[in-house]
Amino acid sequence: MQATAQPTSDAATRQKYYDTIAPQSLAPLWEVLKGLVPPEPRSKAVPHVWHYSKVRPLLIEAGRLVTAEEAERRVLVLENPALAGQSRITSSMYAGVQLVMPGEIAPAHKHTASALRLVLESNGGYTTVAGERTIMCRGDFVITPNGAWHDHGQESDTPIIWVDGLDLHMINFFESGFMEHHNDKKQSLVKNDEESVARYGSGLVPMTAHSPFGMTSPIFNYRYDRSRAALMDVVTNNTVDPNLGHALRYANPLDGGWAMPTIATWLTHLPKGFETKGYRATDGRTLIVIEGEVTAEIDGKTFKMGESDIGVWPAWSWGSLRADKDAIFFTFSDRAAQERLGIWREDRR
Ligand code: 1HN
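Presented here is an overview of the structure given in this document. Just so you know, these numbers come straight off a predicted model, no measurement behind them.

Between its first and last C-alpha, helix H3 (residues 52-65) extends 20 Å over 14 residues, near the 20 Å set by a 1.5 Å rise per residue. Turning to H3, its buried residues are Tyr-52, Val-55, Leu-59, Ile-60 and Ala-62. Buried residues of H3 fall within an arc of 150° about the axis and therefore sit on the same side. In H3, those exposed residues whose orientation departs by more than 90 degrees from the buried face are Ser-53, Lys-54, Arg-64 and Leu-65. Where H3 is buried, its residues contact strand S1 (48-50), strand S2 (75-77), strand S3 (94-100), strand S5 (115-121) and strand S10 (160-166).

Spatial ordering of the open sheet is given by S2-S3-S10-S5-S8-S12, a layout of six strands whose pairing is antiparallel. Every interior strand has two partners, whereas the edge strands, S2 and strand S12 (221-222), have only one. Two strands pair when backbone bridges link them, and S5 and strand S8 (residues 141-144) are joined in this way by four bridges, in the antiparallel orientation. Considered in S8, the bridge of Leu-118 is made with Phe-141. Relative to S3, H3 is tilted by about 55°, and along the sheet it contacts S2, S3, S5 and S10.

This part covers the nonpolar core. Phe-141, Ile-161, Leu-267, Ile-288, Phe-330 and Phe-332 are the most contacted members of the largest nonpolar core, which totals 42 residues. Of the residues forming this core, the biggest block, four residues, is contributed by H3. With residues up to four places along the chain from it excluded, the contact list for Ile-288 reads Leu-118, Leu-120, Val-163, Asp-309, Ile-310, Ile-328, Phe-329, Phe-330 and Phe-332. One finds Tyr-279, Val-289, Val-294 and Ala-296 within the second-largest nonpolar core, a separate group that totals 18 residues.

As enumerated under the stated definition, the model contains 11 aromatic pairs in all. Centre to centre, the rings of Tyr-250 and Phe-330 are 5.8 Å apart; their planes meet at 55°, and the pair counts as tilted. Note that Tyr-250 is positioned in the loop between strand S13 (246-249) and strand S14 (264-270) and Phe-330 in strand S19 (residues 319-333), a separation of 80 residues in sequence. Relative accessible area serves as the criterion here: at 5%, Tyr-250 is assigned to the buried category. Using a relative accessible area of 0% as the deciding quantity, one classes Phe-330 as buried. For the cation-ring pair, Arg-133 lies above Tyr-126, with the distance from its terminal atom to the ring centre recorded as 5.4 Å. Looking at Arg-249, its charged tip hangs above the ring of Trp-258, at a distance of 5.2 Å from the centre.

Let us now look at the sheet that holds strand S7 (residues 132-135). If you walk across this open sheet you meet the five strands as S7-S6-S9-S4-S11, and the pairing is antiparallel. Two strands in the sheet have a free side with no partner beyond their single neighbour: S7 and strand S11 (179-181). Adjacent strand axes in the sheet meet at a mean angle of 25°, parallel and antiparallel pairs treated alike. In this sheet, strand S9 (residues 150-154) lies alongside strand S4 (residues 105-111) in antiparallel orientation, the contact comprising three bridges. Along S9, the bridge assignment pairs Ala-106 with His-152.

Another aspect to go through is the site of the ligand. Close to the ligand lie Arg-73, Tyr-94, Gln-98, His-109, His-111, Arg-117, His-150, His-152, Asp-164, Leu-166 and Leu-168, which account for all nearby residues. Residue Gln-98 places a side-chain N or O atom 2.9 Å away from an oxygen atom belonging to the ligand. In the model, an oxygen atom of the ligand is placed 2.9 Å from a nitrogen or oxygen of the His-150 side chain. In isolation the ligand offers 340 Å² of accessible surface; the protein chains occlude 83% of this area. Every element with two or more residues in the shell around the ligand is listed here: S3, S4, S9 and S10. Among the residues making up the shell around the ligand, the classes are represented as three nonpolar, five polar and three charged.

Definitions and cut-offs
- Residues numbered from 1 in each chain as written.
- Predicted model: local features only at pLDDT ≥ 70, side-chain atom pairs only at ≥ 80, totals over all residues.
- Heavy atoms only, no water.
- Helix = DSSP H or I, 4+ residues; strand = E, 2+ residues; numbered from the N terminus.
- Expected span 1.5 Å × (residues − 1).
- Buried < 20%, exposed > 50% of the residue type's maximum accessible area, 1.4 Å probe, protein only.
- Arc of directions from axis to C-beta.
- Contact = heavy atoms within 4.5 Å.
- Pairing = 2+ DSSP bridges.
- Axes fitted to C-alpha atoms, helices over the stretch in contact; angles between N-to-C directions.
- Core = buried A, V, L, I, M, F, W, Y, C linked by side-chain atoms within 4.5 Å.
- Phe/Tyr/Trp six-rings, centres within 6.5 Å; stacked < 30°, edge-to-face > 60°.
- Lys NZ or Arg CZ within 6 Å of the ring centre and 35° of its normal.
- Near = heavy atom within 4 Å.
- Polar contact = N/O pair within 3.5 Å; in protein donor to acceptor, adjacent residues only side chain to side chain.
- Areas by Shrake-Rupley, 256 points an atom, 1.4 Å probe, with all protein chains shown as cover.
- Nonpolar A, V, L, I, M, F, W, Y, C, P; charged D, E, K, R; others polar.

Set out below in C-alpha cells:
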C-alpha cells in the first residue's frame, strides 16, 4: 500500500496543461491557493508618520498653484509609502489633507463614498451637508454621509485645513460608486445651521426617528469641545483599558452603533507616561494627534508624533503607544465595515 499519493505529472507536463486551459479562461487554483488564503493577515501597508510641520507649508504652496474650484478638492493625498501611486493610506482607506483658502468654495458634489473630516485648523470655515451648514473648529469630527451633497467654504480671512478619510477603495472594490456635480457651486441651505445637533445630540431622539442618512449618524458634526469633555469625564471616573487607554467611540444616537457604516472612529486619551500594552487588530488605523505627544512603536519601529501629526498603523501589526505629554488623539479605520461582515479580530498582549 502506498503511504502518500505520487505526483502524477512533471513540471513541463503541468505547464503544457496550464497553457491549454488558459485560452478557456481557466486557471489552476493549486498554484495560487496559499497566496489567496494566507494563514494570517499580511498588510501591504507599512507604518508611517506625516509631520504636520512638513505637510502644512507644502499644502499652503498648493494654495498658490491651484484654486479649490479648479482642483474640485485641493488635497495632498497621504499615500502609504508601500502603496505609492494608489491614493491609499491603508489597503482599504483613502486619506488626505485638504486646504480651503479665504473666500474659496470647494464646489458641491455627491458620491457613493462616505467621508469624514478631522479639523486641524479653522477659524469660521464651514461645510454644508444636505442643506445644513456647520462651522468647523479644530478637533471636530465631521461626516459627509454617502450620497449627501456637500460643499465647503471659508468666508473669514484664514485658511482651513483638515484631514479627510474616505471609504472610496471599498466602494471601488465593489464597483458600486456614483458621483454627481451640483448645478450650483454652493447648495442652498434648507435647514438651520447646526440643526441636527439640536435634534439628535442630547440623548433624545424623535419617537419615529429615521436617520436622514440611512445607516450613517444623523449628527454630522461631533464637536471637539463636547467630545473632549466626555472623554475627560471617563478619564476621571473609569478604569483604563491597558491596551487602548481611555477611549470613547463616536456613536450613532439612533442605534448606538458606529457613526458611519464603513468607518469606525474614536477618541483616545493617554495620560502622560502611560504606555499601552501590545495590541493588534485586523483593521489598519489612521491616528491624528489633537493634543500632546505620543511615541508609537509599531512593527518594532519608533515614531514620535506631536500635535496635528498623522500616523498609520497597519492591520495585524503589533504596536503600542506611549504618551510623552498628556495626549488626545483621533483614530479612524475600516473596523465598522469589518464588523458588519463579521470578520474583525483583535489580539492583546
Ligand atoms: C471628496 O469629495 C472630498 O468632499 C475630499 O472634501 C476628498 C477624495 C476623493 C474623492 C472625493 C471632499 C476626496 C473627495
